Every structure is written in structure tokens, then in C-alpha cells.
Amino acid sequence: MALMPFQPTPFFADKNRAFWTLQFAGWGGVLLLRAMSAFANGQAASFLILILITTITGFSLSLLLSPVYRQLINRRPLVTWGATALVLLVAVSLHTFIDSWVFGLYRNDMETGFAQLFIGFFFLNLSLLGAWSALYFAINFFLQVEEQADRLERLEAQATSAQLAMLRYQLNPHFLFNTLNSISTLVLLKQTEPANAMLTRLSGFLRHTLLTELSGKITLAEEVETLQLYLDIERMRFEERLRTRFEIEPAAASALLPAMLLQPLVENAIKYAVTPQEEGARITVSARVLGNRLRVAVADTGPGAQGQHRPLPDPARGRTVSTGVGLPNIRNRLAQAYGEDHRFEIRTPAEGGFTVIIEVPYEAAEKPAAAPAPAAVSRVEPVNQPGLAAAPAPGALT
């Protein structure tokens, strides 16, 4: 997975332009400061020529230092700082030599010798070029740190996306195994029309899931639409035993949540509530907005928490246990998408059944989604205990 290009601070987006801007601004400031100092000390106008020469000298030497520093900045610290000190000493000495020689020509009547002038100018030029060097390294180190932080942030985002995609891929094999088994049974019984109808609905469901971004978020209305496609397939297997109801508030329909988040919960309800009971069960999906939170619940009228712990079919003992994939998958996806800012709760109402409640921050889609119409695919029946109103009784699931 390729990384996006580094986006530096706007001023440094064009490094060449930023360098020349700082270069002219810095040395222009030095020229102005020295000129004002000379004027305040009553120097003659001709003294400005000396200031101009020494500023141009410093400007030119800094241009020579920049490619040298560019080669040294990524070396080992001992090499970088040792070589920098040596190069800076040479540059300051050359700058001081030129300044002393020019000043000696300008004031040839002074008794001050060249050595004295050299020592006097040396510390001034060391301060100027030293400050320039420090600023050069500081800016470049800042840009490197900024680039590394940006790269780390993008790598973390890509790792999260990859993990979300991996968790998503865990869901498909369970569903496909059950569906293909059902189709195989229908083919063996020579019931070609139901088998063909199930294959058609399966292809529609898979096409819909492939068009959904793996690690992205979709509206609850779109999630319910996916659930309806899934329930269409399952209803081919269970017929009247599978009864469903959707209670989605209009405001909740446009809320965003991770794609394919509810399908494993409905699949669990079918597996542990509908399958083991001759009369089947009713599954209720409800959602509402509470302040700045979205609360979604998936409830069933199955045997309750004990049934959710059953293993895979065991002919010897006639019981089943959880494979431990569906609900841990949901927990992991919620943790990846929201960190600690989410709620995942299991409730077992006193009258039976099983309810899973998910509560996440409310994020509205830019374009409001229409509330899903449950009558299109679900048999809507009166529900005495909606999923969100179930009596609280904490449970645990492996």
C-alpha cells in the first residue's frame, strides 16, 4: 500500500522558495541593522559601502555552506557536528579575513593592526554565521520530524484500515458456508427453482458488499439495506420461522457506522435463536439517537444467553457452542473505529431472549439518508419488548 506524498507546513511547501525568502530577509535585516548602527554612531555615508561588502560576503558564504550542510545533516552525529564545526570555522575565518582586509584599506590611517582587526571581526562573524547555521539545521530537523510524524500517522491509519479489512473478511466465510450448504442441499433434492433464487440473492448480496468500502463507514439506512438482502437469503432457508422487525428512527437512519457491523449480530441471532427452535424466533433491529450518541440494538426471542454459548452441532451430545468469531469481531471493529468512546453491552431479559446493544458517537452523513422501509422485506409483527427497552441484565459472551 503506497504512502501519500508528504504535505509539509505551507511556508515550506516550496523549499527552494522558502530558502531564498529567508536568505534575503535574514541578510537584509543584518544590512539594515548595521546601517542603522553606523548612522547612530555618526559614521560617514561611505562607511555603508563596507557594510554592504561584508553583508554580501556573509550572504555568499552562507550559500556555499548550505550544500555542505545538506550533505552532513543525515550523517552520524559525530560526523555531522564535527564536520559542521570545522566547515563553520573555515567560513568564519574567510569572512573575517575579507572584512579585516577591506576595513584596513578603508581606514589605512589607523594604528590598529590586521591581527587586532581579525580578532575583533572574528567573534562578530562567528555569531552571524553560527546563528545562520543553527537556524539552517533547526529548520531542516523540524521538517524531518514533521515528515516522520506525518508518515507515522499515515502508517497508523493504514494499519487500522488493514485491520478493519481483515476483521471484515472474517465475516464472509461463515455466511457463505451456510448459504452454499443450503444451495447444495436444494440441488441434491432437485429443487432447482429455490436453489436458483438463492443463488441470485446471494450474488446480489455479494455485489452489494463488494461495492462497500471495506474500512469505511456507511449510513444506518445502507446497513439496514444490506441486512435486508442478507435476510432475503436466510428466509429462503427458514421461511416462516424467521420473523424480523426494524424500528429505525428517521434521525438514526442517516447516522454513520462501520460497514457490515450488524450482520454478524443478526447472523448470531439466526444461528442461536431461529435454528434450534421449531417455532423459530423473531429478530428486532432498533436504532435511535440519544443526544450526541447513536444506540443500536439487535434482539431476538431465542433461548437467551445460554443458547449463545452453544458449540457447533455435535451429533453425539446434540448441542452446539460459539466459535468465538462474531461478537469478538464486533468488539474489535468498534475498538478500532472509536477507541474507548463506545459501548458494547449484552442483555438477557427476564422473559427470555437475547439483546446486544451498541452505542457510538453520532455522526450524521453529509446527505441525509431516507429511513428504511422494513415492510419491503420483513414481516412486521407487534413487539412487546423492543431491543432498546430490554431490562438490563449484564451477560458475557466468549
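Residues numbered from 1 in each chain as written. Predicted model: local features only at pLDDT ≥ 70, side-chain atom pairs only at ≥ 80, totals over all residues. Heavy atoms only, no water.

For the chain, the helix and strand inventory stands at 10 helices and seven strands. A buried classification covers 40% of the 398 residues belonging to the chain. Put simply, 74% of the contacts in the chain that link residues at least 6 apart link residues at least 24 apart. Carbon and sulfur atoms make up 62% of the accessible area of the chain, which amounts to about 21700 Å² in all. (Helix = DSSP H or I, 4+ residues; strand = E, 2+ residues; numbered from the N terminus. Buried < 20%, exposed > 50% of the residue type's maximum accessible area, 1.4 Å probe, protein only. Contact = heavy atoms within 4.5 Å. Areas by Shrake-Rupley, 256 points an atom, 1.4 Å probe, with all protein chains shown as cover.)

Considering all chains together, one arrives at 10 salt bridges under this definition. Among the salt bridges present, the one from Glu147 reaches Arg151, with a minimum N-O distance of 3.7 Å. Of the two residues, Glu147 and Arg151 both sit in helix H4 (residues 114-188), four residues apart, roughly one turn of that helix. With its nearest N and O atoms 3.2 Å apart, the salt bridge here joins Arg245 to Glu247. The class for Glu247 is partly exposed, based on a relative accessible area of 22%. It is possible to trace a salt-bridge network through shared partners that takes in Arg293, Arg295, Asp341, Arg343, Glu345, Arg347 and Glu359. (Salt bridge = Lys/Arg side-chain N within 4 Å of Asp/Glu carboxyl O.)

With that settled, the discussion passes to the sheet that holds strand S2 (residues 242-248). Sheet architecture is open: five strands sit in the order S2-S4-S5-S7-S6, paired in mixed fashion. Since the sheet does not close on itself, it has two edges, and those belong to S2 and strand S6 (343-347), each with one partner. Direction aside, neighbouring strands of the sheet carry axes that sit 10° apart on average. Two elements, strand S4 (residues 281-290) and strand S5 (residues 293-300), share eight bridges in a ladder whose sense is antiparallel. Opposite Val289, over in S5, you have Leu294 as the bridge partner. Together, S2 and S4 form the strand contacts of helix H6 (residues 220-238), whose direction differs from that of S2 by roughly 170°. (Pairing = 2+ DSSP bridges. Axes fitted to C-alpha atoms, helices over the stretch in contact; angles between N-to-C directions.)

This part is about the nonpolar core. For soluble globular proteins, the rule of thumb is that nonpolar side chains tend to be buried together. Within the largest apolar cluster, 47 residues are counted, with the highest numbers of intra-cluster contacts made by Ile248, Val266, Ile270 and Ile358. When residues of this core are assigned to their parent elements, the largest contribution, eight residues, is made by H6. Grouped together as the second largest cluster of nonpolar side chains are 15 residues, Val30, Ala91, Trp132 and Tyr136 included. (Core = buried A, V, L, I, M, F, W, Y, C linked by side-chain atoms within 4.5 Å.)

All right, on to helix H1 (residues 15-40) then. If you check H1, its first and last C-alpha atoms are 37 Å apart, about what 26 residues at 1.5 Å a residue would give, namely 38 Å. Turning to H1, its buried residues are Ala18, Gln23, Trp27, Val30, Arg34 and Ala38. Immediately beyond the C-terminal end of H1, within one or two residues, lies Gly42, with a positive phi of roughly 75°. (Expected span 1.5 Å × (residues − 1).)

When the terminal C-alpha atoms of H6 are compared, their 25 Å separation across 19 residues agrees well with the 27 Å that a helix rising 1.5 Å per residue should span. Of all 19 residues in H6, 14 are buried; the element is thus mostly enclosed.

Before going further, it helps to spend a moment on a nonpolar patch on the surface. Where nonpolar side chains cluster on the molecular surface, the patch consists of Phe97, Trp101, Leu105 and Phe114 and spans about 450 Å² of accessible area. Ranked by the residues each element gives to the nonpolar patch, the list is headed by helix H3 (residues 77-106), at three residues. Within the element layout of this structure, Phe97 appears in helix H3. (Patch = residues over 30% accessible without salt bridge, like charges linked within 9 Å, V, L, I, M, F, W, Y side chains within 5 Å.)

Helix H8 (residues 263-274) packs onto H6 with a crossing angle of 25° between their chain directions and a minimal axis gap of 10 Å. Classed by the angle they form, the pair H6 and H8 counts as roughly parallel. Crossing of H6 over H8 shows right-handed handedness. For the pair formed by H6 and H8, the contact residues are Glu223, Leu227, Tyr230, Leu231, Glu234 and Phe238 on the first element and Gln263, Val266, Glu267, Ile270 and Val274 on the second. Grouping the amino acids of the contact of H6 with H8 by side-chain chemistry returns seven nonpolar, one polar and three charged. (Parallel < 35°, antiparallel > 145°, perpendicular 65-115°, else oblique. Left-handed = near helix turned anticlockwise from the far one by under 90°. Nonpolar A, V, L, I, M, F, W, Y, C, P; charged D, E, K, R; others polar.)

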